[in-house]
Amino acid sequence: MEAWSNFKGTKWKKEIDVSDFIQNNYKEYTDDDSFLKGISKKTSKVWDKCKKLLAKEAISGVLDVDTFNMSGIDSFNPGYISRKDEVIVGLQTDEPLKRIVNPYGGLRMVEKSLEAYGYHLDQDLENKFKEFRKTHNDGVFDAYTSDIRLARHNHLITGLPDAYGRGRIIGDYRRLALYGIDFLIDKKKEDLDKLTDITSTDVIQLREDIKEQIKALNDIKKMASRYGYDISKPAMNAKEAIQWTYFAYLAAAKQNNGAATSIGRNTTFFDIYIENDIQKGILTEEAAQELIDQYVIKLRLIRHLRTPEYNELFAGDPTWVTESIGGMLDSSKSLVTKTSFRILNSLNNIGEAAEPNLTVLWSKNLPVNFKKFASKMSIKTHTLQFENDDIMRPLYGNDYAISCCVSALIEGHQSQFFGARINFVKVLLYALNGGRDELTGELVIDGIDPIEGEYLDCETVLKQFEKVLKKTVKIYVDSLNIIHYMHDKYAYESSQMAFIDTKPEYLMAFGLAGISIVADSFSAIQYGHVRVKRDERGITNAFDIEFDYPRYGNNDNRVDSVAVNLVKRVYKELKKYPLYKDAIPTLSLLTITSNVVYGKHTGATPDGRKSKVPFAPGANPTQGADISGALASLSSVAKIPYKDCCQDGISNTFSIVPSSLGNDEVARTENLVKILDGYFGSGAHHLNVNVMDKNLLIDAMNNPNKYPNLTIRVSGYAVNFNKLTKEQKEEVISRTFHEKI
């Protein structure tokens, strides 16, 4: 093919292998950021229009909704922001920020979402859909057992993707740019022709899935043609490479409203085309930055229609358009390119924002200049997160990407079933209360004797805890097997799966919320002498702690080891059960901003936490518990084992006041690099970094108009601070802002 004439390598030309193409053609960049350029006139015009629309959206919550068309790859007319100024085109609908009705996951969520913002679904459309289509949500609740319903109702298992798109799937959207749509269609047809041994329902299902994928690819071709592009063949230049990749991703955003719609790992891939064009003299550095800036703008405009309850759970109207940057090819050569710098430079050119969720894959061996630039941009904008490439690369290879917030997937070869999380704190409270919910009083887990007596005994509590945990995990597994079977049946993501191998490896992502509270509670029971108070129902409602006890977050193995062992117990239990499509279980310590909502639905705990008080986010120590300095706090979290049990991610959100890092930008940048090197060198997995004073957030809460674009990292992603609820703002402010290292 003519488009391939300047590129090296042979394997990627014979079979779909984007990683091989990258390895044969990219150029590592180790110098500094002095080559970067500012915002172009065209981009300024496009972004100025976007800022006005975003300001209107901020007031109303939703700018507009298309209530006459349903979600679909080619369901909408082409949309533009400023047509003559756009170098990368394509919107979810025919107008920027207009949201899509997606009833396939659940019609009730659509109706509640529309009602909340003063819209109503076209009556003819609604009637026809109800008459002829069953939703994923309907299928799930038809199959749910009474145990699952009870656990869900009482918030023991929370955030399940049973009423909305499951998300967490990353298509290898680069495939469209490298191969063109016709090549991909032909490969899917070849895969279909090989599936002739119809001896199981799995094969029948797969044949149907492939046909859906082929249809999706054809629909993407039609959608792109409406914008005036023929994507049948590979991209010929950098502009087409970025545009083709974005079209593939845009199809997913048009078709699905998944909980996370990550875009993958694209900067090194894009850089090959950009540098090729620059060498040919057909692209300038200014034009290269313009392409990246406008690509980022398009990702910032992705929206899904959500209920207010959803936005309370997952605050900030997130889409988790996660772009993974950097990382290593091997132990000595990085995958950092000039475009790794360019995408971070978009934060300078068009300002800080929560999306896309820019994620730096950190290694001790990354080029020093890139480490410094990434750290500088993190300090300046509070928008970056960092993940440990040195522990992920041995497990996933050098072409993985981050799904949602913190979860690694091999690009194009793996897919994930998202699974929300167990309220781990309730497992402990159910152990104390004979399987009854501490707030509702309902019997959720049967066969558990309540613990009696005035004081808690650690060994007795642990035995009861293990009984509750076993039953809870079984309910959790059953719920996810049902959810993902039904999602494939009624809300299949054909556009995303079309850019993944026909027979991928599946991961099923389980999660825990409240690890710090449970660890501290067991520590309090063992070392603090905990006295129980019970209400008239005999259910615990308060605890008195008579002595100090070691708390997670201070590098004290007496309690840190409890957290480690608890996580290992859960993962051991998860591995006992067969999973849908033979998925491999993974586990995360990740709460998003739902740590506030979880707290609302959870009673008082033996660590001294009061009823309905927020949990700590992710794997963080409980708010205010980490009193021994930044490094001690980081050291506690770093002990949670990634490889052995938490490959879905260990989220840690870290806040430090600027003066603690140094007296000027240079010192702060260098010290943050040292902290990241040390933290990840100890085997830790993930870190959000907020370098700011608590007083800044207090002022922003009281005077939001002064800080319209203030962005902060929360738990695996970034949010516009103003979009948080008052309770969520207060919880963020209550976190430890380290004043000493």
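Before any of the text, the structure's been laid out above.
What you see is a predicted model; the values in this text were computed from it and never measured.

What counts, and where the lines are drawn
Residues numbered from 1 in each chain as written. Predicted model: local features only at pLDDT ≥ 70, side-chain atom pairs only at ≥ 80, totals over all residues. Heavy atoms only, no water. Helix = DSSP H or I, 4+ residues; strand = E, 2+ residues; numbered from the N terminus. Buried < 20%, exposed > 50% of the residue type's maximum accessible area, 1.4 Å probe, protein only. Contact = heavy atoms within 4.5 Å. Areas by Shrake-Rupley, 256 points an atom, 1.4 Å probe, with all protein chains shown as cover. Lys, Arg positive; Asp, Glu negative; His and termini not counted. Charge placed at Lys NZ, Arg CZ, Asp CG, Glu CD. Disulfide = S-S within 2.5 Å. Polar contact = N/O pair within 3.5 Å; in protein donor to acceptor, adjacent residues only side chain to side chain. Axes fitted to C-alpha atoms, helices over the stretch in contact; angles between N-to-C directions. Parallel < 35°, antiparallel > 145°, perpendicular 65-115°, else oblique. Expected span 1.5 Å × (residues − 1). Phe/Tyr/Trp six-rings, centres within 6.5 Å; stacked < 30°, edge-to-face > 60°. Pairing = 2+ DSSP bridges. Salt bridge = Lys/Arg side-chain N within 4 Å of Asp/Glu carboxyl O. Patch = residues over 30% accessible without salt bridge, like charges linked within 9 Å, V, L, I, M, F, W, Y side chains within 5 Å. Left-handed = near helix turned anticlockwise from the far one by under 90°. Nonpolar A, V, L, I, M, F, W, Y, C, P; charged D, E, K, R; others polar.

For the overall build of the protein chain, give the residues involved together with the corresponding values.
Along its length, the protein chain carries 29 helices and 20 strands. Projected onto its principal axes, the C-alpha positions of the protein chain cover 80 × 65 × 50 Å. Across the 741 residues in the protein chain, those meeting the buried criterion constitute 64%. Counting only contacts in the protein chain whose residues sit at least 6 apart along the sequence, the fraction spanning at least 24 positions is 78%. In the structure as shown, the protein chain presents an accessible area of about 26,400 Å², 48% of it carried by carbon and sulfur atoms. Taking the average place of the 95 positive charges on the side chains of the protein chain and the average place of its 99 negative ones, the gap between the two points comes to 2 Å.

Account for the state of the cysteines, naming residues and giving values.
When the sulfur atoms of two cysteines share a covalent bond, that bond is a disulfide. As enumerated under the stated definition, the model contains zero disulfides in all. Its sulfur unpaired, C458 is 20 Å from the next cysteine sulfur, which belongs to C645. For C458, a relative accessible area of 23% puts it in the partly exposed group.

Give a description of the environment of D85 that names residues and reports values.
The topology assignment puts D85 in the loop between β1 (64-70) and β2 (98-101). At 2.7 Å, the side chain of D85 forms a polar contact with the side chain of S82.

Could you give me a rundown of the packing of helix α16 (residues 368-381) against helix α27 (residues 665-681), with the residues and numbers involved?
Look at α16 against α27: their axes get within 9 Å of each other, and the N-to-C directions meet at 110 degrees. With respect to each other, α16 and α27 are oriented roughly perpendicular. Along the contact surface, α16 presents K371, K372, S375, K376, S378 and I379, while α27 presents E665, R668, T669, E670, L672, V673, L676 and D677.

I'd like to hear about unusual backbone geometry, residue by residue, with values.
In this structure, the amide linkage connecting E355 to the following residue, P356, adopts the cis form with an omega of -10 degrees. Residue position: P356 is located in the loop between α15 (338-350) and β5 (357-362). Its identity is not glycine, yet L97 carries a phi of approximately 70 degrees, on the positive side. Structurally, L97 is set in the loop between β1 and β2. A positive phi angle is found at D317, which is not glycine, with a value near 60 degrees. Following the sequence through the fold, D317 ends up in the loop between α14 (308-313) and β4 (322-326).

Help me get a handle on helix α12 (residues 267-280), residues and values and all.
If you check α12, its first and last C-alpha atoms are 20 Å apart, about what 14 residues at 1.5 Å a residue would give, namely 20 Å. Burial within α12 is extensive, with eleven of its 14 residues counted as buried. Just downstream of α12 lies G281, where phi reads positive at about 85 degrees.

Outline the side chain of R303, supporting the account with residue identities and numerical values.
On the secondary structure map, R303 appears in the loop between α13 (285-300) and α14. The exposure class assigned to R303 is buried, which follows from its relative accessible area of 7%. Side-chain polar atoms of R303 contact the side chain of E57, separated by 3.0 Å. Ignoring any residue separated from it by four or fewer positions in sequence, one finds R303 in contact with L54, E57, Q92, L97, R99, D317, T319 and K723.

I'd like a rundown of the packing of aromatic side chains, residues and numbers included.
Enumeration over the complete set of coordinates arrives at 37 aromatic pairs. When the centroid spacing of 5.0 Å and the interplanar angle of 80 degrees are considered together, the rings of Y476 and F510 count as edge-to-face. Pair noted here: Y476 is in helix α19 (residues 458-490) and F510 is in strand β11 (residues 505-513), with a separation of 34 residues, a long-range link. Across this residue pair, the class does not change: Y476 and F510 are buried. Taking the centre distance of 6.1 Å and the plane angle of 50 degrees together, the rings of Y598 and F615 count as tilted.

Tell me about the sheet that holds strand β20 (residues 737-738), and name the residues and values.
Pairing is mixed across the open sheet formed by six strands, whose spatial order is β4-β5-β6-β17-β16-β20. A strand with exactly one partner marks an edge of an open sheet, and here the two such strands are β4 and β20. Two elements, β5 and strand β6 (residues 385-388), share four bridges in a ladder whose sense is parallel. Within the sheet, the bridge partner assigned to V360 lies in β6 and is F386.

Any chance you could break down the pattern of salt bridges for me, citing the residues and the numbers?
Scanning all chains against the criterion turns up 56 salt bridges. Its salt-bridge partner being K11, residue D17 comes within 3.3 Å of it at the nearest N-O pair. The class of D17 is buried, set by a relative accessible area of 13%. Residue K11 is classed as partly exposed on the basis of its relative accessible area, which comes to 42%. Because the salt bridges share partners, they merge into one network encompassing D172, R174, R175, D399, E411 and D501.

Lay out a positive patch on the surface in plain terms, naming residues and giving numbers.
A surface patch of positive charge is lined by K41, K42, K45 and K239. Ranked by the residues each element gives to the positive patch, the list is headed by helix α3 (residues 41-60), at three residues. Along the chain, the position of K239 falls in helix α11 (residues 238-255).

Mind laying out the pairing of strand β17 (residues 686-691), listing which residues take part and the relevant values?
Of all the six residues making up β17, six are buried; the element is thus mostly covered by neighbouring parts of the structure. Relative to β17, β6 runs antiparallel, the two sharing three bridges. Its bridge partner being in β17, E387 is matched across the sheet by H686. Where strand β16 (residues 653-656) and β17 come together, four bridges link them in parallel fashion. Among the inter-strand pairings, F654 is bridged to a residue of β17, identified as V689.

Which residues make up the packing of α19 against helix α22 (residues 557-574), and what are the values?
At a minimum axis separation of 10 Å, α19 and α22 run at an interaxial angle of 45 degrees. Relative to α22, α19 is oriented oblique. Both α19 and α22 take part in a crossing whose hand is right-handed. Of the residues in α22, those in contact with L462, F465, E466, L469, K470, V473 and V477 of α19 are L566, R569, V570, E573 and L574. By residue class, the composition of the contact of α19 with α22 is eight nonpolar, no polar and four charged.

Give a detailed account of the environment of I204, specifying residues and quantitative values.
With respect to the element layout, I204 can be found in helix α10 (residues 201-226). Sequence-wise, I204 and L305 are 101 residues apart; in three dimensions their C-alpha atoms are separated by 33 Å.

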